[in-house]
Structure formats: C-alpha cells, structure tokens
Amino acid sequence: VHFLDLVLYVLGGAKIRTVTCDAYSETAKDRIVSQSIAPGEQYKKGNKTDVTIVVSKGIEKIKVPNVVGKSLSEAKAVLKASGLKISLKKVFSNDEKNSILKQKENGKVKKGSVIHLTVSKGTKTPAKTGNSTSQSRAAEKTGGIQIITD
C-alpha cells in the first residue's frame, strides 16, 4: 500500500472530503508535496471545507528537441522555449558558420538541464602573408606554421 493511499483511506474514514492534485516536484513521486491545512491543525467534525493534498509526479522530464543542422539563433530559441539551458563549444568546420554540428543530449532530460552543443566557427583560413598558393597550402597542412630553410 502506498503512503498516499493510506492517507486518503484514513481521511475518507474520518469523513473528511479530500481533493488531490498532481504537480511536478523535486519530491519523490507519489509523495505529498503540500496540503491545505497545516500539520497538526485540527479539522472539526462537520467542516465543509475540502482538504487539498498536492501529490508529487516526480521531477519533470521533457523531450530534448533535435537542433543539429539549425542555426545557433534558432537552436537557442527552440531550447529556451523548452525550458532548457545551453552550453556551447565552437570549432572550425566546413559547415556554415554558427550552424549546430553536434548535440550531446537526446531523449528526455530534467527540465532546466544544460544541453551541450558544438557550433561551427566556419572554415579556418590561413593568414595572408603574400606567399604563393603552394606555400599557403603547405602552411595550411602544417597548421599555419611555416618552415623556412636556407
């Protein structure tokens, strides 16, 4: 028998009218979150006032929208509207600048969770130094480091 079932049974036996409501909460599922009368307060026989009991549905989990391929501004808007926060990692790629490349979290998460996104900084172009095209390509392959020999 669940604790809540026992409480409702006792209240019903005492002829106390009850109303139960469900709410998301950090409190464990099926536990009482709050009640309309204070603990220890006496409820007089014949009282016509309902006793309201709010029962936890547990932590609210929401489906994470897939934002891969969307622009950063669109991804921010979609995730914010879902009650989620964002953490960004920016990397160079051949994809359009500010497009979402990866999304770490999928499925369902706790509302308010941080969603980790990898965002394109666009392509990395070597610094212009007046070098020939072949020198620029060589510099690009070595990460922009030029080796000069005599």
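Residues numbered from 1 in each chain as written. Predicted model: local features only at pLDDT ≥ 70, side-chain atom pairs only at ≥ 80, totals over all residues. Heavy atoms only, no water.

## Regarding the overall build of the protein chain
Phase 1 of the analysis: What the protein chain contains, in helices and strands, is three helices and eight strands.
Phase 2 of the analysis: When the helices and strands of the protein chain are read in sequence order from the N terminus, they spell out α-β-β-β-β-α-β-β-β-β-α.
Phase 3 of the analysis: For the protein chain, contacts bridging at least 24 residues in sequence account for 66% of all contacts bridging at least 6. (Helix = DSSP H or I, 4+ residues; strand = E, 2+ residues; numbered from the N terminus. Contact = heavy atoms within 4.5 Å.)

## Topic: the packing of aromatic side chains
The geometry of an aromatic ring pair is captured by the separation of the ring centres together with the interplanar angle, meaning the angle of the planes.
Phase 1 of the analysis: Per the stated rule, a full pass over the model turns up zero aromatic pairs.
Phase 2 of the analysis: The aromatic ring of tyrosine 24 is capped on one face by lysine 57, whose charged end is 4.4 Å from the ring centroid. (Phe/Tyr/Trp six-rings, centres within 6.5 Å; stacked < 30°, edge-to-face > 60°. Lys NZ or Arg CZ within 6 Å of the ring centre and 35° of its normal.)

## With respect to the side chain of serine 113
Phase 1 of the analysis: Tracing the backbone shows serine 113 in the loop between strand 7 (108-110) and strand 8 (114-120).
Phase 2 of the analysis: Side-chain polar atoms of serine 113 contact the backbone oxygen of lysine 110, separated by 2.6 Å.
Phase 3 of the analysis: Once you skip the residues sitting within four places of it in the chain, serine 113 turns out to touch Gly83, Leu84 and Lys85. (Polar contact = N/O pair within 3.5 Å; in protein donor to acceptor, adjacent residues only side chain to side chain.)

## Description of the confidence of the model for the protein chain
Low-pLDDT stretches of the model should not have their predicted coordinates read in fine detail.
Phase 1 of the analysis: Confidence in the prediction of the protein chain, expressed as mean pLDDT, is 80, and 72% of residues score 70 or more.
Phase 2 of the analysis: Of all secondary-structure elements in the protein chain, the lowest mean pLDDT belongs to helix 3 (residues 133-141), at 52, while strand 6 (residues 100-103) reaches the highest, 97.
Phase 3 of the analysis: The low-confidence segment residues 142-150 (pLDDT under 50) makes five contacts with residues lying over four places distant or belonging to another chain. (pLDDT = per-residue confidence, 0-100.)

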